[in-house]
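Structure at a glance
If you want the building blocks of each chain, they are given just below.
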Amino acid sequence: GREFVQRGLGADFYGLSHGIKLSPDGQVVEFAYEALGESPAYFDVASRTLHDGSSSVALAAAQTARGIKLSTKGGFPRTVFNGRELPLEADEFDRGRAVAADGSGFVVATDFHLRFYDAQGRETWRQRTPATPRGGVNISQDGRLVVAAYLDGTLRWYRRSDGQPLLAMWPHSDRKRWVLWSPSGFYDAAPGS
């Protein structure tokens with residue numbers, strides 16, 4: 001008999017080894033179309049353009065900054081902040097983390113939430129996620145934005161100060177089409193999307 005394989009229509013952020021990278025202002029986001037970081041690409045929000053390859057301006061998520069050191073422990077990873085495990089729900093695990101460049105706080109992407117903490121490890125906001133974060137999370141160097149990559153193939157921008165969703169983007173696996181939308185329903189898309 002015949003076998004059919006249906007491939008996903010979006011990017012596969014699973015196991016993205018370096019996580020997503022951001023330009024200092026968060027307007028350029030670098031990701032990968034294939035699992036484990038294969039086939040890198042980047043999207044420029046300002047020019048609404050999608051490019052193959054790596055961006056020259058995008059930076060990986062920091063794991064340390066002025067008095068903050070993040071890591072994980074365990075097979076089902078738990079977040080460790082300066083040597084102590086942060087309390088999460090029993091079935092909630094660390095799927096990515098990033099420290100603000102100025103050392104003022106950090107974000108942790110878990111199975112169900114984005115959680116932002118201040119420099120002392122106190123949670124300042126929590127935002128329910130639309131899917132499991134699987135491609136990491138990053139904070140723009142200017143400290144204004146948090147960007148996360150999800151298992152549903154979306155990249156999402158949040159306001160760093162309070163976690164409010166600002167923008168979402170879905171890159172099609174054909175590496176040409178994409179859709180960008182705001183929570184209020186405004187959208188833009190590549191031709192044919």
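In case you missed it, the structure is sitting above this.
Here's what I pulled together on the structure shown here. (Residues numbered from 1 in each chain as written. Predicted model: local features only at pLDDT ≥ 70, side-chain atom pairs only at ≥ 80, totals over all residues. Heavy atoms only, no water.)

So, the overall build of the chain
Looking only at helices and strands, the chain features zero helices and 18 strands. What you see for the chain is a C-alpha radius of gyration of 16 Å, in line with the 16 Å of a compact globule of 193 residues. Each principal axis of the C-alpha atoms in the chain carries an extent, and together these give about 50 × 45 × 30 Å. Counting every position in the chain, which comprises 193 residues, the buried fraction comes to 48%. Long-range pairs, those at least 24 residues apart, make up 39% of the contacts in the chain between residues at least 6 apart in sequence. Looking at the chain as shown, the accessible area adds up to about 9,600 Å², and 50% of this sits on carbon and sulfur atoms. The averaged location of the 22 negative side-chain charges in the chain is 2 Å from the averaged location of its 23 positive side-chain charges. (Helix = DSSP H or I, 4+ residues; strand = E, 2+ residues; numbered from the N terminus. Rg over C-alpha atoms; globule rule 2.2 N^0.38 Å. Buried < 20%, exposed > 50% of the residue type's maximum accessible area, 1.4 Å probe, protein only. Contact = heavy atoms within 4.5 Å. Areas by Shrake-Rupley, 256 points an atom, 1.4 Å probe, with all protein chains shown as cover. Lys, Arg positive; Asp, Glu negative; His and termini not counted. Charge placed at Lys NZ, Arg CZ, Asp CG, Glu CD.)

Focus: the pairing of strand β4 (residues 49-52)
Where strand β3 (residues 38-44) lies against β4, four bridges are found, and the strand directions are antiparallel. The partner of Asp 44 across the bridge, within β4, is Thr 49. The antiparallel pairing of β3 with β4 creates a hairpin that spans four residues between the two strands, and Arg 48 there sits at a positive phi of about 55°. (Pairing = 2+ DSSP bridges.)

Observations regarding the nonpolar core
General note: in soluble globular proteins, nonpolar side chains tend to be found buried as a group. In this structure, Val 29, Phe 31, Phe 43, Leu 155, Trp 157 and Met 169 are the most contacted members of the largest nonpolar core, which totals 19 residues. Every element with two or more residues in this core is listed here: β2 (28-34), β3, β14 (145-150), β15 (155-159) and β17 (178-181). Not counting the four nearest positions on each side in its chain, Val 29 is found in contact with Ile 20, Lys 21, Leu 22, Ala 41, Tyr 42, Phe 43, Val 147, Leu 155 and Trp 157. In this structure, Val 107, Leu 114, Tyr 150 and Tyr 158 belong to the second largest nonpolar core, which totals 15 residues. (Core = buried A, V, L, I, M, F, W, Y, C linked by side-chain atoms within 4.5 Å.)

Topic: the sheet that holds β2
Here four strands make up an open sheet; going across it, the order is β1-β2-β3-β4 and the pairing antiparallel. Whereas interior strands pair on both sides, the edge strands pair on one side only; in this sheet they are β1 (21-22) and β4.

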